[in-house]
Protein chains: 2
Amino acid sequence: MKRTKIKDALNATAPMDEITIKGWVRSKRDNKGFSFVALNDGSCLSTIQAIVDHTPEIEEALTRVGTGASVAITGELVESPGKGQRWEVRGKALEVIGEADQETFPLQKKRHSDEFLRSIAHLRPRTNKYSAMFRMRSALAQAVHKYFAEKDFFYIHTPIITGSDCEGAGEMFRVTSLEAGSQLPPEEDFFGKPSQLTVSGQLSAEMFSLSLGDVYTFGPTFRAENSNTPRHVAEFWMIEPEIVFSDLSDDMDLGEDMIKYLITHMLDNCAEDVELFAKWVDKGLMPTLENILKEPFKRLPYTEAIDILKKTKKEFEYPVEWGMDLQTEHERFLCEEKFKRPVYVYDYPKTIKPFYMRMNDDDKTVAAMDCLVPRIGELIGGSQREERLDVLVARMDEMGLDKEDYWWYLDSRKYGTAPHAGFGMGFERMLMLVTGVSNIRDVMPFPRTPKSLDF
Amino acid sequence: MKRTKIKDALNATAPMDEITIKGWVRSKRDNKGFSFVALNDGSCLSTIQAIVDHTPEIEEALTRVGTGASVAITGELVESPGKGQRWEVRGKALEVIGEADQETFPLQKKRHSDEFLRSIAHLRPRTNKYSAMFRMRSALAQAVHKYFAEKDFFYIHTPIITGSDCEGAGEMFRVTSLEAGSQLPPEEDFFGKPSQLTVSGQLSAEMFSLSLGDVYTFGPTFRAENSNTPRHVAEFWMIEPEIVFSDLSDDMDLGEDMIKYLITHMLDNCAEDVELFAKWVDKGLMPTLENILKEPFKRLPYTEAIDILKKTKKEFEYPVEWGMDLQTEHERFLCEEKFKRPVYVYDYPKTIKPFYMRMNDDDKTVAAMDCLVPRIGELIGGSQREERLDVLVARMDEMGLDKEDYWWYLDSRKYGTAPHAGFGMGFERMLMLVTGVSNIRDVMPFPRTPKSLDF
């Protein structure tokens, strides 16, 4: 018989004469004449309780049922006399689909450390915490697409393998079809020249923004940084909208609107899973999220931010001076202590920013912005792009970039250029924000970090 | 003034006293006292016509306006006396945002070859055909997520960098942070062992199916195949659903439902763009799509397919015999000539299929299926997975696979295993189906092929 998902069974509006549920056993309690079996199938956090009366067949089957086994139970869906759930199943038949050896099954005990669960990343989605995590990850990703679809943005798949380095910085993985240690020149390699994994789809997305209008990318990006911190992984997903006939202020509007939309969506659609994190992972989760929704984000020019940081009595590890990049301690001070809400810092010194950001009239700062949020720090980094060909070329010369490599990018400023802006949002950081989880390894199915490539 | 997207202007329900439209000039026609300017902003295929009366300022501005320039026009939205469009703009002000040098702008002439347009892939979305293409690509991708979200499937981001080879076949790109030609051993590389770009997220997705239920991936996959054909690229996007407590028949149901949903969605939501392809690219596009929607797909065991191919009078280049993989000519004969609709061929010889497919009782075939569609050939390839630990291990031994490499995969069969199935759909092939475009390079923003890594 076709299974009913447990989520749908628990949301039933009337009893059912016959229903089949299938899932993994979370617990079993034997009594005289009957047993309780709590079943979860991943469709929602809750388990459904089945009461199965003992028959000789069922008694035999139950000897093979332990935590982690997969079973099918067919019976009646009836109102539950117990607290906490409305429906339960009066089981008439129980089939063991797959046993789980109770001696070796690693998820026997109730609580496990996140470190241990990382070592069995293939099984951790069978726990409450990680099934909730990956349902929320899915809901958040789907909500990103829903948001942009509703706003008539076009989704662009920018290339993963690239010959250009968007940020002008190193730390890229090489991609090759040559054997390890091969002395053949790049001309002999698959693409006939050196190729890398992308760090950003921005430059490609700009081409589409300057033809289709409002666009976005949502795909994997890579950093070959040898950092072993709770905030760094080698492979992560990034969302990069790009909007045309738009400036930095429009860009900040979009980021704020999107963050608020995504948080609202998660609170409305993943309430049960969010509650788990608010209860067990971060007691401050709900107030943090509600606070972000409540007020407009603060918008603060970089120069004013530096003044504030200099004047405060708080002592920082990194001394504050104009021209520096903000450190996490500064970012957290601004949004957690000073303004107690998300803060856009904008108009950064040109010396610490890439070539494509639009030069301001002061010739000292560029139209860049970072959105800082409590506990996460930088959630969004973006800029208005330099649309003026002469200014862009001068800046590339100043930074020693080879214009030949960017011929197509420069073309877009030669033919019908237009003001445009965009940003990158680290998808995992957004997920950390809405779950309260502090280690990026715990919001990804199979995280990739230095010296770690299991699964 | 805030711009109104041209799509929204053309869909207006009443005249507007003031409107600003911004976009790229498709054509300009000067008359005595006024000029016609046709503007496109990528939001839809149609241009909007603006009539601007000459004032000294506007006359000066118009001297700088050529095809490809970006301009802003502010004026009144009024009913159009002309045929074909309901609204036009009576321009009162015209601002040149970015000029386009008429001597060098490559999109002057009306028709260009696809080959030429590939060489300016950064500008081709400014043409009617490619703006339609990339709007449809976006709509199709968003529809994939919408489809699965509506069916309560969870979206899983399976890893792009991997240490395992899903298909058990070569042709993978290597990923490394070592310098080209480095003689250092893999232990010194970023992950401490050899790493590659994924060819499929299936094995990872199975882990999530066996915990969350119905899941899917939608991400980039890679092949380092040195094939220069209209059907091969090195980087493409794949959709891989995986369903639990399900068999091959459920898998075929899902594939058919999804294909029909996606086609219906495109016909309903991208009518104007689809029409362009039906008119200029493939006259048979609409009948092909309508035919796919009309009837249930044919389901044909491989052994019967071989019989049919053997009995037909048609001569094939590749001789037909049981045990062979079907060639494109065979696939096309079955769906285009014999059955005249999509055909699922299933239960393939085990000798031509990977280790993870479920063994049938005959011990000669596995529960694999391919969905063949007119003009495209294989659109979907899938299977029921081998959920029985002993059968799976025997098969891996038979094929000489190292079980140590798959310890986590085997774990999923040790603890609460369950029947499950899934398939991979090449996203670009689906897009080729709904546009009628025959070269995969023309359905991707910046295609990656041997010796080609521009943009």
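- The name given to chain A in an unreviewed UniProt entry is Asparagine--tRNA ligase, with the source organism recorded as Pseudodesulfovibrio nedwellii.
- Its UniProt record, at the heading Sequence similarities (unreviewed entry), says of chain A: "Belongs to the class-II aminoacyl-tRNA synthetase family."

### Considerations on the overall build of chain A
Right, so step 1: Across its full length, chain A carries 13 helices and 16 strands.
Right, so step 2: Considered along the principal axes of its C-alpha atoms, chain A spans approximately 85 × 60 × 45 Å.
Right, so step 3: When burial is assessed residue by residue, chain A has 61% of its 455 residues classed as buried.
Right, so step 4: When contacts within chain A are restricted to residue pairs at least 6 apart in sequence, those whose partners lie at least 24 apart make up 66%.
Right, so step 5: Summing over all exposed atoms, chain A offers an accessible surface of approximately 18,100 Å²; the carbon and sulfur share of this is 48%.
Right, so step 6: The positive charge centre, built from 58 side chains, and the negative charge centre, built from 74, are 6 Å apart in chain A.

### Some words on the sheet that holds strand 13 (residues 343–349) of chain A
All names here are of chain A.
Right, so step 1: On the basis of which strands lie adjacent, the open sheet formed by eight strands has the order 6-10-11-16-15-14-13-12 and mixed pairing. The open sheet terminates on both sides in strands that have one partner only, identified here as strand 6 (154–155) and strand 12 (298–301).
Right, so step 2: Across six bridges, the pairing between strand 14 (residues 365–373) and strand 15 (residues 377–384) is antiparallel. Considered in strand 15, the bridge of Asp370 is made with Gly381.
Right, so step 3: On top of the sheet, helix 13 (residues 427–435) reaches strand 10 (215–222), strand 11 (235–244), strand 14, strand 15 and strand 16 (420–426); it is set at about 60° to strand 16, its chief contact.

### Concerning the environment of Leu62 of chain B
Residue and element names in this part refer to chain B.
Right, so step 1: Structurally, the position occupied by Leu62 is in helix 2 (residues 56–63).
Right, so step 2: Relative accessible area serves as the criterion here: at 4%, Leu62 is assigned to the buried category.
Right, so step 3: Along the primary structure Leu62 and Val96 are separated by 34 residues, whereas in three dimensions their C-alpha atoms are 8.2 Å apart.
Right, so step 4: With near-sequence residues (within four places) excluded, Leu62 lies in contact with Lys28, Asp30, Ser35, Val37, His54 and Leu94.

### A word on the relation of the copies chain B and chain A
Right, so step 1: In the superposition of chain B on chain A (RMSD 0.0 Å, axial shift 0.0 Å), the rotation amounts to 180°. Considering both components of the superposition, the chain copies are consistent with a two-fold axis.

Criteria and thresholds
- Residues numbered from 1 in each chain as written.
- Chains lettered and ligands numbered in written order.
- Predicted model: local features only at pLDDT ≥ 70, side-chain atom pairs only at ≥ 80, totals over all residues.
- Heavy atoms only, no water.
- UniProt positions renumbered as here; feature names shortened; annotations may be inferred.
- Helix = DSSP H or I, 4+ residues; strand = E, 2+ residues; numbered from the N terminus.
- Buried < 20%, exposed > 50% of the residue type's maximum accessible area, 1.4 Å probe, protein only.
- Contact = heavy atoms within 4.5 Å.
- Areas by Shrake-Rupley, 256 points an atom, 1.4 Å probe, with all protein chains shown as cover.
- Lys, Arg positive; Asp, Glu negative; His and termini not counted.
- Charge placed at Lys NZ, Arg CZ, Asp CG, Glu CD.
- Pairing = 2+ DSSP bridges.
- Axes fitted to C-alpha atoms, helices over the stretch in contact; angles between N-to-C directions.
- Least-squares fit on C-alpha atoms with pLDDT ≥ 70 in both.

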